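In case you want the letters, here they are:
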Amino acid sequence: MALSSADLPTVFSLLQNALSQDQSIQKPAEATLASCENRPGFCSCLLEIIASRDLEKQSDPRWLASVYFKNSINRYWRIRRDTPGIGDAEKPYLRSKLLDLIREEDNKVAVQLALLIAKIARFDYPRDWPELFPMLLQKLQSPDVLLTQRVYLVLNQTLKELSTKRLAADQRNFAEITSQLFDYTWHHWFADMQLILQGFSLVLASPDNGLQPDQGKALSLTCERWLLCSKVLRRMLLFGFQSDAKSVQEVAPVKQVSPAFLQAAQSLLQYRAVPPIREFVEKACLRLMKTLVEVQSTHPFSFSNKAVLPPVLDFCYVQVTEQSGGSTMFEHFLIKCMIFIQSVIQCASYRSHKSGRVVGVSTPSLEEAKGNLAGQAEEILQSLLDKQRLVVLSEILVRRYFVLTGDDLEEWAQEPEAFHHEQEMVQWREKLRPCAESLYLALFERHREMLAPLVVEMLKQASDNCPPAAPDADMQITPALLLKEAVYNAVGVANYDLYDYIDFKSWYDSCLAQELHNRHPNGRILRRRVAWLVGQWVSKIKDEMRRPIYSALLGLLGDNDLAVKLAACRSLHNLIDDVHFYEEEFVEFVPTCLQFLFEFMGTAQEFDSKLQIFNLVSLIIERLGEKVLPCVEKIMSFLPQVWQASEGQSLLRIQVILALQRLLMALGPQSPMCYELLFPILQYSTDVNQPDELNMLEDGMQLWQTTLRHAPVMVLQLQGLFPHLVAVMEKSFDHLQVAMNIIESYVLLGGADFLRHHAAGVVKILDSVVGNVNEKGMMCTLPVVDTLIQCFPGDAPAILEAVLQKLVVLVVNGRNDSDIVRASSGAILARILVQNSGFFAQFTSQQSLAVALQQSGVTSTDQSALFLFFDAWLDKIDSLTTLGKRKVCALALCVLLTLREPQILDRLEQILSVCTSVLHETEEEKNGNPSNYSYWSSNAHSGEEGSVSSVESEESRKRQVLGADPINSLSLAPLLKEKLQTCAALHGEAAFNSAMSRLHPMLLGQLQQLLQT
């Protein structure tokens, strides 16, 4: 039922109640409002409440009405099948009324109205709302400052919304909007900038840095409008023109706007020291600098004009090299300047690429035009960033921005773990020091030959000014020490580019090793940096250097400073994870290392610290393998403590699971020694009802698989865990590959006893999967079915009868299934025919199979299910690529020859064609190893990348199964000759000879030749 104007009081009352602090009033009102959202007229009622002048003093209900209106647009503006939505008759009224309400005095409501218009514009512009931008442009011509400010608020939100539409037609629409609005917006921006500077001059000239209330309010409104104009201009510059890096078409507004933006920033910075306007000045300068960075990145060629790039780049260079200190906001401005310099240095469009020209073509190609423009830009950069400026910039980055400040040292002393992790985080666009490091590295990448000797010289000077202290010497935090730490940082950051310039072994032996051994509290500054530096230069730490460095880093794990410990952890991780790591060199340090790490884990407070420590423990277990066995008891006493202490921290518990998985792999057949620790964790992590199931189930399944593969014998705890797998597969097939591997491992490990206890669960899983997954899913499920039949040829077919029926239907009528799936399904049934022909005959003659085929869409026919299956399967046998599978199919066809059915003779040529082909293949391999029929050699059954590889325990069980498989001992040629004789006896020599005479002469000749050999 539609709402009308008569419902306005009710809706307003509901809005008031929804704002109540009393839950008993609030909740029913919210529920009623939610039920009204899709009713016709609801949005019109909300709009009337927003527009009501009588309610202007009650801003909260009006604001809430605008929020509900916005949410209704998100959900119901587009007509959907399941909801009536907002009717086409109501939409024009809403659009028109919204434009009339733009001059809203309440800021909160005005923002919501702007968002409303933007949301509707995304859906309706330009097809259903072509008048939107002409109407906004008309309102911009008003002298009312508040109205124009609100219009720019609407334009900013609308352009923001439309700029995210990436279809070509939408981009053309945005370009058209830009052409309509750009000049007018630019005029407003420029005029407002003059008014703002005049107003700031008055502020500066006034005795108390203040203005009259009316003047202050007008200036504030002008500042808001100017900021919105800046945002609108930015949107139009970035999205209203195609990037000239692609089109090589000059974007004229870039040359018009960019110098003015730079001049505005320079002018505004003069007023930064005036307290009343400092916040606006810093915000405005950041906005201008951000726009310049993005415009240069989007339109590099237009920006490279001599009137644009040189002054902006020079300004940023001056800011970085000549400024120092300041507020946090000013720090952000320096970051923007550094980002601009880095963006220009790394700009791919400014790198000239030589290209030839087609003979006879006078017009330069697109690539030639890009090359010419790139060459011009490169000349400008070389003149602006000459050798002297590059050297100065690099030195200042290291000497000023790399140096630890007093605030840094205070944070380190108060929160050492948080300090370490903040330094390690890659936040180069938000933090000053990481941004300086990123710019420094960019300079190195382009000018290695020039800057590498400079850094080497800086390193020598810093070492001379602050020589290594004796182990017991007193140390003071001096500028020389802080500079030395900064230079070490510079050497570590540019380690790749300095590889050929620094002899790390000599440097370590003569200097770094001594600094690691100084235990004075103030020595932590260099200890932490040297520990970090070792991790950066891992590629140069080889052979005889490793043992002393391992020893030194282990000493740092016992340091009193947590940041030093974490730096040592990081470097140890890099060393152990390196290609030059050899277990023999580290094995003597393992007990001490693990002891330090276990103790550190107990004292660490930050989650990131615990994760870092545990990652190192897990890596040591993985890389040392069986050499970690002497420490197993310590590890097993440590893991439960971490598991218990990390309740609610899924990431840390996942690391425990991974460490346990690696420990099982290291223990191999001795894995039962950790079952007491293992099974509670396995029980929890594979339970679909535990709260961390979403995060931990995948890793729990991998741990389960590893446990089975390394288990020497089946134990009751493993038997009792199988119902968890049934629950996992009932919930989803997300872990299908691992689940199938687990079933196979259970079959190989538990044998008949496992099948006796859990046959129903296995059948339930397989029955739910077969026919309900894609090709990849089927190809990891079919090997499990085959393994069951291979291990239990007498019992498994009857247990799996429902699954086998599905396979027959899939082979006969699997139009949506691939040939390889149908052929592989047929190969499983072929094995049953060879190993349990009695069951196969009874199975294919069952009425239930005929019904299943009919239900699948197979039309009624006189053929039996056997021959329907035979004809469909025979057509797909060539899809099988492995000899083992093809051999079992040929053996099954030999068995079929002994049937008394006359249809066998009609298919004799097809049967003998497959058998002859397989005989050829076996003859070619008869001098090699016998071919085993096994999915285990197929890539279809290998685990996904990162999964646990097969191990000796399970491999030996697989070899036992293969050795006992009669398929591998059967020889095809004698069997085929025998079955052909039986066929002739069953059908009579005359009928048999007649069928043989219809064979293709070449096939008959090949067959005779193969059978004689």
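Conventions adopted
Residues numbered from 1 in each chain as written. Predicted model: local features only at pLDDT ≥ 70, side-chain atom pairs only at ≥ 80, totals over all residues. Heavy atoms only, no water. Helix = DSSP H or I, 4+ residues; strand = E, 2+ residues; numbered from the N terminus. Rg over C-alpha atoms; globule rule 2.2 N^0.38 Å. Buried < 20%, exposed > 50% of the residue type's maximum accessible area, 1.4 Å probe, protein only. Expected span 1.5 Å × (residues − 1). Core = buried A, V, L, I, M, F, W, Y, C linked by side-chain atoms within 4.5 Å. Contact = heavy atoms within 4.5 Å. Salt bridge = Lys/Arg side-chain N within 4 Å of Asp/Glu carboxyl O. Axes fitted to C-alpha atoms, helices over the stretch in contact; angles between N-to-C directions. Parallel < 35°, antiparallel > 145°, perpendicular 65-115°, else oblique. Left-handed = near helix turned anticlockwise from the far one by under 90°. Nonpolar A, V, L, I, M, F, W, Y, C, P; charged D, E, K, R; others polar. Phe/Tyr/Trp six-rings, centres within 6.5 Å; stacked < 30°, edge-to-face > 60°. Lys NZ or Arg CZ within 6 Å of the ring centre and 35° of its normal. pLDDT = per-residue confidence, 0-100. Disulfide = S-S within 2.5 Å.

A word on the overall build of the protein
Reasoning step 1: Looking only at helices and strands, one finds 51 helices and zero strands in the protein.
Reasoning step 2: The C-alpha atoms of the protein give 39 Å as radius of gyration, which overshoots the globular expectation for 1013 residues (31 Å, by more than 25%).
Reasoning step 3: Its C-alpha atoms put the protein at 125 × 90 × 85 Å along the principal axes.
Reasoning step 4: In the protein, which comprises 1013 residues, the share counted as buried stands at 55%.

Focus: helix H30 (residues 607-624)
Reasoning step 1: When the terminal C-alpha atoms of H30 are compared, their 26 Å separation across 18 residues agrees well with the 26 Å that a helix rising 1.5 Å per residue should span.
Reasoning step 2: With 13 of 18 residues buried, H30 lies mostly within the body of the structure.

Concerning the nonpolar core
Reasoning step 1: By size, the foremost hydrophobic cluster in this structure holds 364 residues, and its most contacted members are Trp 189, Leu 268 and Phe 586.
Reasoning step 2: Top element by residues in this core is helix H36 (residues 736-769). It accounts for 17 residues.
Reasoning step 3: The contacts of Trp 189, once residues within four sequence positions are left out, are Trp 226, Cys 229, Ser 230, Leu 233, Ala 260, Phe 261, Ala 264 and Leu 288.

Comments concerning helix H3 (residues 42-51)
Reasoning step 1: Burial within H3 is extensive, with nine of its ten residues counted as buried.
Reasoning step 2: Along H3, the residues that are buried comprise Phe 42, Cys 43, Ser 44, Cys 45, Leu 46, Leu 47, Ile 49, Ile 50 and Ala 51.
Reasoning step 3: Those residues of H3 hidden inside the fold are in contact with helix H1 (8-18), helix H2 (23-36), helix H4 (59-76), helix H5 (91-100) and helix H6 (107-124).

Things to note about the pattern of salt bridges
Reasoning step 1: Counting across every chain of the model gives 43 salt bridges.
Reasoning step 2: For Glu 104, the salt bridge goes to Arg 62, with nearest N and O atoms at 2.5 Å. Placement of the pair is Glu 104 in the loop between H5 and H6 and Arg 62 in helix H4, with a sequence separation of 42 residues.
Reasoning step 3: According to the relative accessible area criterion, Arg 62 is buried, its value standing at 2%.
Reasoning step 4: Taking the shortest distance from any N to any O, the salt bridge between Asp 497 and Arg 448 comes out at 3.1 Å. Of this pair, Asp 497 sits in the loop between helix H23 (479-493) and helix H24 (504-517) while Arg 448 sits in helix H22 (residues 448-465); the two residues are 49 residues apart in sequence, bridging distant segments of the chain.
Reasoning step 5: The network of salt bridges with common partners includes Arg 103, Glu 105 and Asp 144.

Considering the packing of helix H20 (residues 416-424) against helix H27 (residues 562-576)
Any two packed helices are characterised by the angle at which their axes cross and by the distance between the axes.
Reasoning step 1: It is at 7 Å that the axes of H20 and H27 come closest, and there the two elements cross at 40°. Relative to H27, H20 is oriented oblique. Crossing angle aside, the handedness with which H20 passes H27 is right-handed. Contacts between H20 and H27 involve Pro 416, Glu 417, His 420, His 421 and Glu 424 on the former and, on the latter, Leu 562, Ala 563, Leu 566, Ala 567 and Arg 570.
Reasoning step 2: Partitioned by chemical class, the residues of the contact of H20 with H27 number five nonpolar, two polar and three charged.

A closer look at the packing of aromatic side chains
Reasoning step 1: A complete count under the given rule lists 36 aromatic pairs for this structure.
Reasoning step 2: Pairing Phe 200 with Phe 280 gives two aromatic rings, centres 5.8 Å apart and planes at 75°, and the pair type is edge-to-face. Remark: Phe 280 occurs in helix H13 (residues 275-298) and Phe 200 occurs in helix H9 (residues 168-205); sequence separation between them is 80 residues. Accessibility assignment for this pair places Phe 200 and Phe 280 in one class, buried.
Reasoning step 3: Within the aromatic cluster, the residues linked to one another by ring pairs are Trp 186, Trp 189, Phe 190, Phe 200, Trp 226, Phe 261, Tyr 271 and Phe 280.
Reasoning step 4: Residue placement shows Lys 565 over the ring face of Phe 600; its charged tip is 5.0 Å from the ring centre.
Reasoning step 5: Over the ring of Trp 643 we find Arg 653, and its NZ or CZ is 4.2 Å from the ring centre.

Focus on the side chain of Asn 156
Reasoning step 1: Considering the arrangement of structural elements, one finds Asn 156 in helix H8 (residues 145-162).
Reasoning step 2: Overall, the relative accessible area of 7% leaves Asn 156 in the buried class.
Reasoning step 3: Setting aside residues no more than four positions away along its own chain, Asn 156 makes contact with Leu 228, Lys 231, Val 232 and Arg 235.

Concerning unusual backbone geometry
Reasoning step 1: Geometrically, the link from Tyr 125 to Pro 126 is a cis peptide bond, its omega value of 0° lying close to zero.
Reasoning step 2: Tracing the backbone through its elements, the reader meets Pro 126 in the loop between H6 and helix H7 (132-140).
Reasoning step 3: Within the chain, Val 248 stands out as a residue other than glycine whose phi angle is a positive 55°.
Reasoning step 4: Within the secondary structure, Val 248 sits in the loop between helix H11 (244-247) and helix H12 (252-269).

A short note on the confidence of the model for the protein
Reasoning step 1: Per-residue pLDDT for the protein has a mean of 88; in total, 93% of the residues score no lower than 70.
Reasoning step 2: Counting contacts from residues 937-950, a segment whose pLDDT is below 50, to residues more than four positions away or on other chains yields 24 contacts.

Some points on the state of the cysteines
Reasoning step 1: All told, the structure shown has zero disulfides when counted by the stated rule.
Reasoning step 2: With no disulfide of its own, Cys 780 has Cys 791 as its nearest cysteine by sulfur position, at a separation of 18 Å.
Reasoning step 3: Cys 889 takes part in no disulfide bond, and the closest cysteine sulfur, belonging to Cys 915, lies 10 Å away.

Some thoughts on the environment of Leu 611
Reasoning step 1: Assignment of secondary structure puts Leu 611 in helix H30.
Reasoning step 2: For Leu 611, a relative accessible area of 18% puts it in the buried group.
Reasoning step 3: Considering only alpha carbons, one finds Leu 611 and Gln 655, 44 residues apart in sequence, at a separation of 7.6 Å.
Reasoning step 4: Those residues in contact with Leu 611 that lie beyond four places of it in its chain are Leu 651, Leu 652 and Gln 655.

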